[in-house]
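Examination of the molecular architecture
This is what each chain is made of:
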Amino acid sequence: MLAPANKLTLYTYFRSSAAWRARIALNLKGLKPDFKFVHLLKNGGEQYNTEYLRLNPQGIVPTLIHEDHVIGQSMALIEYLEERWPEPALLPKDPFGRARVRQIALAIACDIHPLSNLRLRTYLKNIFEASDEQQAEWQKHWIGVGFTALEELLSSSKETGKYCHGNTPTMADVFLIPQMGNARRVKFDLAHYPTLLRIEEEAAAHPAFAAARPEAQPDAE
Ligand SMILES: N[C@@H](CCC(=O)N[C@@H](CS)C(=O)NCC(=O)O)C(=O)O
């Protein structure tokens, strides 16, 4: 089922990996939102505009609007899509499987991604005078800690298939692929993560993932 285009609006920024998650999930569900672009660097960061802060007081993207309801936080908005448009399912049916998929997604959303966020890097720079190289080292360190655990989790489980859980994309892949993109941006060495690389390659051939890539976005620079 497709939502009328004028009823779904996504506030996004091409480089944002959290918005990238939302774009993948929308594509997988066959939903076509209107895009509103929030440039995180221009004009002191458009996420800090009064108008945007009214929608998302955290000053972060993505934000989804549906039927006049405003939903922030990528996990919350993707779970919302899953509940409103259950097919194709991004969570398995069985409770253990659902927990495993959420475990993978949350390992990224809570324990890797926030440590690389723009405002955190800006703080490292402004308060601790961290250079660009030092900020990149910081990011690589925390990506390494998180990816080492994920590689172990995925490579040691029979539940892992072509994707993180089985042979079709789930919410775990929706979170993993953009984080792989972040890793590549800071030239993190992915050679030690064969399972993550294999899943990334699988997803790259899927149209919903391909269309969500930063470079495929209308606001890409
Ligand atoms: N936990 C949030 C994270 C959102 C987030 O951190 N978005 C970043 C871009 S990936 C952002 O808007 N950063 C703005 C800033 O740091 O100023 C979610 O999953 O939606």
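Above this text is the structure in question.
Residues numbered from 1 in each chain as written. Predicted model: local features only at pLDDT ≥ 70, side-chain atom pairs only at ≥ 80, totals over all residues. Heavy atoms only, no water.

1. Topic: the nonpolar core
Counting residues in hydrophobic clusters, the biggest one holds 49 residues, and the most contacted among them are L81, F147, F175 and L176. Put simply, the parts of the chain that give this core at least two residues each are β1 (8–12), α1 (17–28), α3 (74–84), α4 (95–111), α6 (132–155), α7 (171–185), α8 (194–204) and α9 (207–210). It is α7 that contributes the most residues to this core, 8 residues altogether. Beyond its immediate stretch of four places on either side in the chain, L176 contacts I108, F147, L150, C164, L196 and I199. Within the second largest apolar cluster, 9 residues are counted, among which are A19, V38, L40 and Y52. (Core = buried A, V, L, I, M, F, W, Y, C linked by side-chain atoms within 4.5 Å. Buried < 20%, exposed > 50% of the residue type's maximum accessible area, 1.4 Å probe, protein only. Helix = DSSP H or I, 4+ residues; strand = E, 2+ residues; numbered from the N terminus. Contact = heavy atoms within 4.5 Å.)

2. A few points about the sheet that holds strand β3 (residues 63–66)
An order of β2-β1-β3-β4 is seen for the 4 strands of this open sheet, with the pairing classed as mixed. Each having just a single partner strand, β2 (34–37) and β4 (69–72) make up the two edges of the open sheet. Taken pair by pair, the neighbouring strands of this sheet meet at an average axis angle of 20°, ignoring direction. As paired strands, β1 and β2 are joined by 4 bridges and run parallel to one another. Its bridge partner being in β2, Y11 is matched across the sheet by K36. (Pairing = 2+ DSSP bridges. Axes fitted to C-alpha atoms, helices over the stretch in contact; angles between N-to-C directions.)

3. Some points on the pairing of β4
Alignment of β3 against β4, held across 4 bridges, turns out to be antiparallel. Paired with T63 across the bridge in β4 is G72. A loop of 2 residues connects β3 with β4, the two strands running antiparallel in sequence, and E67 in this loop sits at a positive phi of about 50°.

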